[in-house]
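Observations on the model geometry
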Amino acid sequence: MNWSDAVNSSLPCVVKIETPTGHGTGFLCFYNETKSMYAIATAGHVIHHADKWMEPIRIYTHDGSKSILLKAKERHITMGNLSDSALILFSKAQILFADTLPLPLLDQEYVLKIGTQVGWVGFPTLEPDTPCFFSGTISARKDNAYLIDGVAINGVSGGPVLYLDEEDDVKVVGTVSAYRMNKTSGESLPGLLIAQDLSLFHDVITHIQTMGETDKN
């Protein structure tokens, strides 16, 4: 599989998240067995203000053809305490995703090597209604994040960082969090993209699945 195929197969899961103060990107990462609960992964700072002030959030499909408005009582948001990560949990998602499968997350124990190529998708503010693809290479692993030789533009925050594994399957390795510019000379020079890892998402999804198994018993 090449990057073109990987991106096109992932796009149905990618969403634009609009709040009263701006927009960001997210992606479908989970739904339960009965499809009564869906989870959208994004960056914490994309929805922090809306969550704090109980403001509505509108979620659009990647092509903008469909959207839903989630009021505070219609969603549950889990924010990362130590990471710029967030999950939006809600129920009325059939209108957005129909039979779309969630983007698979890379196993928590697997760490990408320096030099590995990755790509990411999001809605940059300069083209806020157009999902755009970017790519780069892993520069380093630091704390709960990857440093990537690539760019991140406002609006792309929360977008999935994608990796093609040994079987050519697409896996999410993180979410776009920030872009650290190099200003050592007083000018804005090329910097590094920061991609948050998947710790929060794995923890919450595992908890939901465990609760589901308990309810069955």
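No experiment lies behind these values; they were computed from the predicted model shown.

Further remarks concern the overall build of the chain. A count of helices and strands for the chain gives 4 helices and 13 strands. Its C-alpha radius of gyration of 17 Å places the chain within 12% of the 17 Å reference for a compact globule of 217 residues. A principal-axis box enclosing the C-alpha atoms of the chain has dimensions of 55 × 40 × 35 Å. Of the contacts formed within the chain by residues at least 6 apart in sequence, a portion of 61% connects residues at least 24 apart. As displayed, the chain offers around 10900 Å² of accessible surface, 52% of which is attributable to carbon and sulfur atoms.

Once that is clear, we can look at helix α1 (residues 3–10). Note: α-helices contain 3.6 residues per turn, so residues at a spacing of three or four share the same orientation. Those residues of α1 not exposed but buried are W3, A6, V7 and S10. All buried residues of α1 lie within an arc of 95° about the axis, which places them on one face of the element. Residue N2 occupies the N-cap position of α1, its side-chain oxygen lying 3.2 Å from the main-chain nitrogen of S4.

This next bit is on the sheet that holds strand β2 (residues 22–31). Paired through their backbone hydrogen bonds, the strands of a sheet run either parallel or antiparallel. Taken in spatial order, the 7 strands make up an open sheet running β5-β4-β1-β2-β3-β7-β6, and their pairing is antiparallel. At either margin of the open sheet sits one strand with a lone partner, and together these are β5 (67–70) and β6 (76–79). Strand-to-strand twist of the sheet, defined as the mean angle between neighbouring strand axes without regard to direction, takes the value 30°. With 4 bridges connecting them, strand β1 (residues 14–19) and strand β4 (residues 57–61) associate as antiparallel partners. Within the sheet, the bridge partner assigned to V15 lies in β4 and is T61. With respect to the sheet, helix α2 (residues 44–52) is in contact with β1, β2, β3 (38–42), β4, β6 and β7 (86–90), its orientation differing from that of β6 by roughly 130°.

Quick look at unusual backbone geometry now. Its identity is not glycine, yet A98 carries a phi of approximately 45°, on the positive side. Its location among the elements puts A98 in the loop between α3 (94–97) and β8 (117–122). Judged by its relative accessible area of 38%, A98 is partly exposed. A positive phi angle, near 65°, is found at D168, a position not held by glycine. Of note, D168 is situated in the loop between β11 (160–164) and β12 (170–182).

Further remarks concern the layout of surface pockets. When its volume is computed, the second largest pocket comes out at roughly 180 Å³. Contributing elements (two or more residues each) for the lining of the second largest pocket: β2 and α2. Broken down by element, the residue count for the lining of the second largest pocket peaks at 3 residues, all from β2. Broken down by class, the residue content of the lining of the second largest pocket amounts to 1 nonpolar, 10 polar and no charged.

For a regular strand, side chains alternate in direction, first toward one face of the sheet and then toward the other. Here β7 lies mainly inside the structure; 5 of its 5 residues are buried. Connecting β6 to the antiparallel partner β7 that follows it, the hairpin turn spans 6 residues.

Next up on the list: the packing of aromatic side chains. Enumeration over the complete set of coordinates arrives at 5 aromatic pairs. Each ring, one from Y31 and one from Y38, has its centre 5.3 Å from the other, and the planes form 50°; the classification is tilted. Through a chain of ring-to-ring contacts, three or more aromatic side chains come together here, namely Y31, Y38 and F97. The ring centre of Y60 lies 5.6 Å from the NZ or CZ of K16, which sits over that ring.

On to the environment of P20, then. Inspection of the secondary structure assignment puts P20 in the loop between β1 and β2. As a C-alpha pair, P20 and S4 span 16 residues in sequence and 33 Å in three-dimensional space.

Reading guide: rules and limits
- Residues numbered from 1 in each chain as written.
- Predicted model: local features only at pLDDT ≥ 70, side-chain atom pairs only at ≥ 80, totals over all residues.
- Heavy atoms only, no water.
- Helix = DSSP H or I, 4+ residues; strand = E, 2+ residues; numbered from the N terminus.
- Rg over C-alpha atoms; globule rule 2.2 N^0.38 Å.
- Contact = heavy atoms within 4.5 Å.
- Areas by Shrake-Rupley, 256 points an atom, 1.4 Å probe, with all protein chains shown as cover.
- Buried < 20%, exposed > 50% of the residue type's maximum accessible area, 1.4 Å probe, protein only.
- Arc of directions from axis to C-beta.
- Polar contact = N/O pair within 3.5 Å; in protein donor to acceptor, adjacent residues only side chain to side chain.
- Pairing = 2+ DSSP bridges.
- Axes fitted to C-alpha atoms, helices over the stretch in contact; angles between N-to-C directions.
- 1 Å grid on protein atoms, 1.4 Å probe; cavity = no way out; pocket = protein on both sides within 12 Å on 5 of 7 lines; lining within 4 Å.
- Points joined across faces, edges and corners; volume = space filled by probe spheres on them.
- Nonpolar A, V, L, I, M, F, W, Y, C, P; charged D, E, K, R; others polar.
- Phe/Tyr/Trp six-rings, centres within 6.5 Å; stacked < 30°, edge-to-face > 60°.
- Lys NZ or Arg CZ within 6 Å of the ring centre and 35° of its normal.

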